Amino acid sequence: MFPKDFKYSREHEWVKIEGTKVRLGITHYAQDALGDVVFVELPEVGTEFAANDSIGVIESVKAVSDVYTPVSGKVVAINEALLDSPELVNEDPYGDGWIVEMEMSDTGELDNLMTAEEYQKFLKEEA
Amino acid sequence: MTEPLIFELSKPGRKAYSLPALDVPEKSLEDLLPEEELRQKDPAFPEVSEVDVVRHYTRLSQLNHGVDTGFYPLGSCTMKYNPKVNEDLARLPGFAHIHPYQQEETVQGALKIMYELNRYLSEITGMERFSLQPAAGAHGELTGLMIIKKYHKDRGDNRRTQVIVPDSAHGTNPASAAVCGYETVEIPSNDKGSIDIEALKEAVSDKTAALMLTNPNTIGLFEENIEEIAAIVHEAGGLLYYDGANMNAIMGIARPGDMGFDIVHLNLHKTFSTPHGGGGPGAGPVGVKDFLVPYLPNPLVEYDSANNRYYLDYDRPQSIGQTKAYYGNFGVAVKAYAYIMSVGGKGLKEVAENAVLNANYLMRKLSRYYHLPYDQTCMHEFIITPKPFKEKGIHTLDIAKRMLDFGYHPPTIYFPLIVDEAMMFEPTETESKETLDNFVKSMLQIARECEENPEIVKSAPHNTPVGRLDEVTAARKPDLKWDS
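Residues numbered from 1 in each chain as written. Chains lettered and ligands numbered in written order. Predicted model: local features only at pLDDT ≥ 70, side-chain atom pairs only at ≥ 80, totals over all residues. Heavy atoms only, no water.

1. Looking at the sheet that holds strand 3 (residues 183-187) of chain B
Residue and element names in this part refer to chain B.
Stage number 1. Spatial ordering of the open sheet is given by 1-7-6-5-4-2-3, a layout of seven strands whose pairing is mixed. Among the strands making up the open sheet, the edge pair consists of strand 1 (129-131) and strand 3. Taken over all neighbouring pairs, the strand axes of this sheet differ in orientation by 25° on average, direction set aside.
Stage number 2. As paired elements, strand 2 (residues 162-166) and strand 4 (residues 208-213) share three bridges and run parallel to each other. When the bridges of strand 4 are listed, Val163 appears paired with Ala210.
Stage number 3. Across the sheet, helix 7 (residues 172-179) touches strand 2, strand 3, strand 4 and strand 5 (239-244), and the angle it forms with strand 2 is around 175°. (Pairing = 2+ DSSP bridges. Helix = DSSP H or I, 4+ residues; strand = E, 2+ residues; numbered from the N terminus. Axes fitted to C-alpha atoms, helices over the stretch in contact; angles between N-to-C directions. Contact = heavy atoms within 4.5 Å.)

2. Quick look at the domain arrangement of chain B
Stage number 1. Segmentation of chain B into domains returns domain 1 (6-63) and domain 2 (84-342).
Stage number 2. Averaged C-alpha coordinates put domain 1 of chain B and domain 2 of chain B at centres separated by 44 Å. (Domains from an automatic or database assignment.)

3. Brief notes about the packing of helix 13 (residues 396-405) of chain B against helix 14 (residues 433-452) of chain B
If you want to describe how two helices pack, look at the angle between their axes and the distance between the axes.
Residues and elements named next belong to chain B.
Stage number 1. Contact geometry for helix 13 and helix 14: axes closest at 11 Å, N-to-C directions at 130°. In terms of orientation, helix 13 lies oblique with respect to helix 14. The crossing of helix 13 and helix 14 is right-handed. Residues Ile399, Arg402 and Met403 of helix 13 lie in contact with helix 14, whose contacting residues are Phe439, Met443, Ile446, Glu449 and Cys450. (Parallel < 35°, antiparallel > 145°, perpendicular 65-115°, else oblique. Left-handed = near helix turned anticlockwise from the far one by under 90°.)

4. Here we look at the packing of helix 12 (residues 330-366) of chain B against helix 14 of chain B
All names here are of chain B.
Stage number 1. The interhelical angle for the contact between helix 12 and helix 14, taken along N-to-C directions, is 25°, at an axis separation of 10 Å. On the basis of the axis angle, helix 12 is roughly parallel to helix 14. Regarding helix 12 and helix 14, the two cross each other, and that crossing is right-handed. Contact residues: helix 12 offers Asn358, Tyr361, Leu362, Lys365 and Leu366, while helix 14 offers Lys433, Leu436, Asp437, Phe439, Val440 and Met443.
Stage number 2. Looking at the contact of helix 12 with helix 14 residue by residue, the class counts come to seven nonpolar, one polar and three charged. (Nonpolar A, V, L, I, M, F, W, Y, C, P; charged D, E, K, R; others polar.)

5. A closer look at the interface of chain B and chain A
Stage number 1. Across the boundary between the two partners, chain B contributes seven residues, which contact ten residues of chain A.
Stage number 2. Of the roughly 740 Å² buried between chain B and chain A on both sides combined, carbon and sulfur atoms contribute 58%.
Stage number 3. Three residues stand out in chain B for area buried against chain A, namely Tyr414, Val472 and Arg476 of chain B, and they jointly supply 62% of the buried area on that side.
Stage number 4. Across the chain B-chain A interface, the total number found is two salt bridges.
Stage number 5. Between Glu421 of chain B and Lys62 of chain A there is a salt bridge; the shortest N-O distance is 3.7 Å.
Stage number 6. Here chain B is connected to chain A by two residue pairs in polar contact (both at pLDDT 80 or more). (Buried area = accessible area lost by both parts, 1.4 Å probe. Salt bridge = Lys/Arg side-chain N within 4 Å of Asp/Glu carboxyl O. Polar contact = N/O pair within 3.5 Å; in protein donor to acceptor, adjacent residues only side chain to side chain.)

Take a look at the structure:
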């Protein structure tokens with residue numbers, strides 16, 4: 001449910017770290033809470049964001065929600081497949097349902113994020 | 001039974017009209033229009049007889065659910081019954097057949113109503129002056145924010161780029177702020193569903209243009225710390241904006257102006273007797289405290305007491321300008337005026353009291369079978385969730401769909417976002433105890449079904465013309481055009 005090598009935010013995003021780059025998406029828990037995703041709005045490649053900025057929007061049959069980046073940096077890739085197939089966020093949140101890739105400006109911000117174990121504990125406390 | 005599309009009723013050559021013989025020379029379209037303007041193919045209009053048209057649309061209208069057909073506890077929307085007499089009054093020829101460009105002397109009655117309604121709304125909300133121009137609630141919000149923006153600008157204060165909204169806000173609040181060019185800053189609610197005061201203190205700064213708030217809030221609870229909240233925002237140099245969507249709960253009892261709000265909008269179509277939910281027209285008048293009056297949209301209706309004459313004042317150089325053609329949706333203003341006149345000050349207070357009483361009665365009854373996330377006296381609306389049936393795999397959507405089988409419009413679902421699986425009920429003051437009791441019986445039966453026969457709830461609705469719709473495919477792959 002929660003890949004061990006990823007880091008997690010309190011806003012239910014995951015990041016997969018590759019050097020100074022991260023790939024970012026929403027967690028299995030988040031996609032389940034949102035329900036069937038029907039539209040994803042992505043940022044433009046090259047846009048710079050500060051940590052906790054909203055980088056995009058996910059619309060499900062229930063609600064419209066912001067997607068936040070837990071780290072500062074520049075968008076270097078977006079998952080354009082989501083524009084035609086938003087259901088990938090539900091079907092494969094950690095794989096084909098990724099949202100953006102960012103070049104981090106401060107890798108130290110990763111220390112603020114949770115491990116898979118900590119995130120699971122956080123979910124239990126929230127419930 | 002489903003109703004075919006009117007295109008499917010079409011038969012070539014069938015008509016619902018008969019035109020008189022042409023008494024001028026006929027000219028072909030080719031003679032009148034350049035070739036590039038002409039259609040290559042005839043449009044696919046349905047060809048049907050008059051009786052086909054009448055029966056088709058009558059049947060469709062009978063498939064509707066409205067306040068005139070049944071209970072409609074759609075939270076946050078105030079779907080109360082509106083007296084029909086107010087419709088009749090708005091359609092009197094002296095109101096319905098006048099033109100906005102008529103000379104002022106010939107429409108003194110209409111101008112008087114606009115002026116007097118402004119005074120009534122000011123009294124009800126504790127404001128100095130109202131503009132009736134905005135066409136609806138969100139338009140009122142935008143107008144209010146434009147006033148806020150111009151106010152700060154005229155003071156030479158250009159740092160204020162942020163508007164603060166609580167996480168329980170109506171979605172239109174941050175949307176209006178964004179349209180007005182503001183950055184929105186969201187602040188969390190505390191475990192009682194109210195604004196987290198410490199978070200607000202941290203959020204305000206010399207960048208704060210305004211805080212947008214509705215009170216009672218979207219959870220149906222009164223912000224008890226409103227005076228402290230107002231003081232925090234004002235000390236930081238920001239203004240306080242009141243989203244009047246929930247005014248039905250406090251009319252005649254509490255006034256936003258007295259709580260410290262500087263600017264309000266009201267939804268006349270919710271609180272003051274205009275049917276809504278069908279696409280309008282509505283009205284979202286904006287009222288302000290005295291220091292903001294110069295910024296209200298142009299024109300304002302003024303009264304010249306020396307000559308006993310009403311007139312439109314355009315000579316207001318600080319105004320943000322016109323936000324809608326002419327003077328607003330005048331027919332809606334007539335209905336609000338008639339409603340306020342007919343129920344009176346005491347009646348408005350009773351409206352609020354009964355709205356709150358009905359909500360609390362229903363909340364206590366339903367909380368026996370459903371989960372009540374905020375267990376305290378509510379205002380005009382409240383939230384319950386189907387948490388007790390989580391193990392059975394029952395979601396809010398299932399219960400909402402099952403209510404259709406009992407002939408009820410469901411509550412607002414999955415809002416506010418801060419409550420998991422929210423179902424938000426607003427019974428309004430116009431419903432009798434019998435209506436509420438019958439509704440409770442149906443909700444009890446649904447609760448029993450959730451325990452004993454969850455499948456019937458999960459596959460609902462069963463008694464409607466069509467069953468559970470595939471909302472996901474409809475949203476992902478919308479098919480909006482009919483092709484033969």
